[in-house]
Amino acid sequence: MSETTEQRSSEETAVTPEAPETPEAPSRGPIGLVAGVIKTARPRQWVKNVLVFAAPFFAFSKSTDRTGLLIDAIIAFVAFSLVASSVYLINDAIDVEADRAHPTKRNRPIAAGIVPVPVAYGAAVVFFLAGLGVSFAASWQLAVVLGVYEAVQLGYCFGLKHQPVVDLAIVGSGFLMRSIAGGVAGGIALSQWFLLVTAFGSLFMVAGKRYAEIMLFERTGAKIRSSLKKYSASYLRFVWATSAAILIMSYCLWAFEIRQTEHNSVWALISMVPFLVAVLRYAVDVDGGIAGEPEEIALKDRILQVLGATWVVTLFLAFYL
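These notes cover the structure that comes with them.

**Section: the overall build of the chain**
Item 1. Helices and strands together make up the secondary structure of the chain, namely 14 helices and zero strands.
Item 2. From first element to last, N terminus to C terminus, the chain shows the α and β order α-α-α-α-α-α-α-α-α-α-α-α-α-α.
Item 3. Residue burial in the chain is summarised as follows: out of 321 residues, 50% are buried.
Item 4. By element, 71% of the accessible surface of the chain is carried by carbon and sulfur atoms, the whole surface being about 14,600 Å².

**Notes on the side chain of Glu150**
Item 1. Note that Glu150 resides in helix H7 (residues 140-157).
Item 2. No salt bridge is formed by the buried Glu150; the nearest opposite charge belongs to Arg178, separated by 10 Å.

**As for the pattern of salt bridges**
Item 1. Per the stated rule, a full pass over the model turns up five salt bridges.
Item 2. In this structure, Asp167 engages Arg210 in a salt bridge whose closest nitrogen and oxygen atoms are separated by 3.3 Å. In this pair, Asp167 is assigned in helix H8 (residues 166-185) and Arg210 in helix H9 (residues 192-220), connecting sequence segments 43 residues apart.
Item 3. A relative accessible area of 0% means that Asp167 is categorised as buried.
Item 4. Measuring nitrogen to oxygen at the nearest pair gives 2.6 Å for the salt bridge that ties Asp287 to Arg237. In this pair, Asp287 is assigned in helix H12 (residues 272-287) and Arg237 in helix H10 (residues 233-261), connecting sequence segments 50 residues apart.
Item 5. Residue class for Asp287 comes out partly exposed when judged on its relative accessible area of 36%.

**Quick look at helix H14 (residues 302-320)**
Residues that lie three or four places apart on an α-helix share one face, since the helix turns once every 3.6 residues.
Item 1. A rise of 1.5 Å per residue sets the reference length of H14, with its 19 residues, at 27 Å; its end C-alpha atoms lie 27 Å apart and thus fit the reference within 8%.
Item 2. Taken residue by residue, H14 has Leu304, Leu307, Thr314, Leu315, Ala318 and Phe319 as its buried positions. Summarising the axial view, the buried residues of H14 lie within an arc of 130°, below the 170-degree limit, and thus occupy one face. Among the exposed residues of H14, those oriented more than 90 degrees off its buried face are Arg302 and Val306.
Item 3. Where H14 begins, one side-chain oxygen reaches toward the backbone nitrogen of Ile303, 3.1 Å away; that side chain belongs to Asp301.

Rules of the game
Residues numbered from 1 in each chain as written. Predicted model: local features only at pLDDT ≥ 70, side-chain atom pairs only at ≥ 80, totals over all residues. Heavy atoms only, no water. Helix = DSSP H or I, 4+ residues; strand = E, 2+ residues; numbered from the N terminus. Buried < 20%, exposed > 50% of the residue type's maximum accessible area, 1.4 Å probe, protein only. Areas by Shrake-Rupley, 256 points an atom, 1.4 Å probe, with all protein chains shown as cover. Lys, Arg positive; Asp, Glu negative; His and termini not counted. Salt bridge = Lys/Arg side-chain N within 4 Å of Asp/Glu carboxyl O. Expected span 1.5 Å × (residues − 1). Arc of directions from axis to C-beta. Polar contact = N/O pair within 3.5 Å; in protein donor to acceptor, adjacent residues only side chain to side chain.

Shown next, in the form of structure tokens:
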């Protein structure tokens, strides 16, 4: 799944015309301020950071210090969550005027005046330093990855999100860096196929999301982000189709590598079936222009959930049977 942030990208999705909501009365005082900062930090979005556990999952079977590996992965999760929250705060502070003119985004804590802009910037610094400090408990390499992530996302916030192609790359890189963070935290040598699968899987989802926004605009005339005006539906279709092809090819090659390294396990090859079907199933939603919210599709599509669970089980058997 840039990411300005990933969350910012998803919330900038086109909105169909509707009656403006009545703004909520700002909750003043220290308690309201703290609650507003926490809400703007988007703890709900931390679920995306479970990607840091991907590399440790594949390395766990051969690790001589499994407890240490698990602890490092948890540290990476906490650190990445804090740093990502700092980006959310900065992004909302930058877009405060635009959000105040939006029928629903005007109720966000910063736009509603619950959290002053200077406080948002200050809280962002605190979140970033806290995440950076936590990361050193695992490794200094993790701190470097977080620093790069923060720099890239800030570039997105301060203007790169309006640049076509660049915005796709940045949003996708956020997911890739999460996977890398889990690897460097535990000192894991990352497979080239693992990195390719993560990179092109992210690009596939991001391009599909943008394609859904373009399709919504063509159907309803709803407002879209400025960078999307420089895309055509056919171009985005080309990007997500190409990404899907490279994703499937990379995973198949990775599965063959897993089979060779994991006692010639046939389960690695079997895992290609649910993976391929899941990608094609998700592509149906992309093609229909309804992939604007990938997380919602994953939560509502029961067949996709079954395929995902089957894929995880086959990989577990490949590594641990």
